[in-house]
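Each chain, written out:
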Amino acid sequence: MLKIASAVFVGASSTQYVFEVHSPDAEFADVSAVYIFTEFTKLGHRPLHIGESDGLGTCIATHETRDSVDQRGCNCICVHFLEEAGARVAEAADLPLSLRHTVQLISRTK
């Protein structure tokens, strides 16, 4: 899993969450994380689906909305690694799709 960049998503609470940006074909270990399927454009990341899992690799590989997000332009998977289940659920809930469109790209890995 090669990190492409980092991006900041701002929740409804105004909390800023820093995510790693990965290609849509990235393979992940079964770690705990909040994840966002996005379409990256010149305006930034447009969230297509947000979720959380304690088995990210299996979750991404078998995700029930994967065909749908791919058809809608998914070209990135953004990941915030977070071990504690309650914190993951709270963060995912703080990031409602309607409030998250463009995010700040804070670094790009070469």
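This write-up is about the structure you can find in this document. What you are looking at is a predicted structure, and each value in this text was computed from that prediction instead of being measured. (Residues numbered from 1 in each chain as written. Predicted model: local features only at pLDDT ≥ 70, side-chain atom pairs only at ≥ 80, totals over all residues. Heavy atoms only, no water.)

Concerning the overall build of the protein chain
When its secondary structure is counted, the protein chain shows three helices and six strands. Traced from its N-terminal end to its C-terminal end, the protein chain shows the element sequence β-β-β-β-α-α-β-α-β. Counting only residues that meet the buried cut, the protein chain has 44% of its 110 residues in that class. Of the contacts formed within the protein chain by residues at least 6 apart in sequence, a portion of 67% connects residues at least 24 apart. (Helix = DSSP H or I, 4+ residues; strand = E, 2+ residues; numbered from the N terminus. Buried < 20%, exposed > 50% of the residue type's maximum accessible area, 1.4 Å probe, protein only. Contact = heavy atoms within 4.5 Å.)

A look at the pairing of strand β1 (residues 3–10)
Inspection of the sheet shows β1 paired to strand β2 (residues 16–22) by seven bridges, in the antiparallel sense. Following the sheet pairing, Ala-5 is matched in β2 by Val-21. Taking the residues that link successive antiparallel strands as the turn, the β1-β2 hairpin has five residues, and the phi of Ser-14 there is positive, at about 75 degrees. (Pairing = 2+ DSSP bridges.)

Overview of the side chain of His-45
If you trace the backbone, His-45 turns up in strand β4 (residues 44–53). We classify His-45 as buried; its relative accessible area is 1%.

Some details on helix α3 (residues 85–94)
What α3 keeps buried is the set Arg-88, Glu-91, Ala-92 and Asp-94. Down the axis, α3 shows its buried residues gathered within 160 degrees of arc, on one side only. Capping of α3 at its N-terminal end is provided by Glu-84; its side-chain oxygen lies 2.9 Å from the backbone amide nitrogen of Gly-86. (Arc of directions from axis to C-beta. Polar contact = N/O pair within 3.5 Å; in protein donor to acceptor, adjacent residues only side chain to side chain.)

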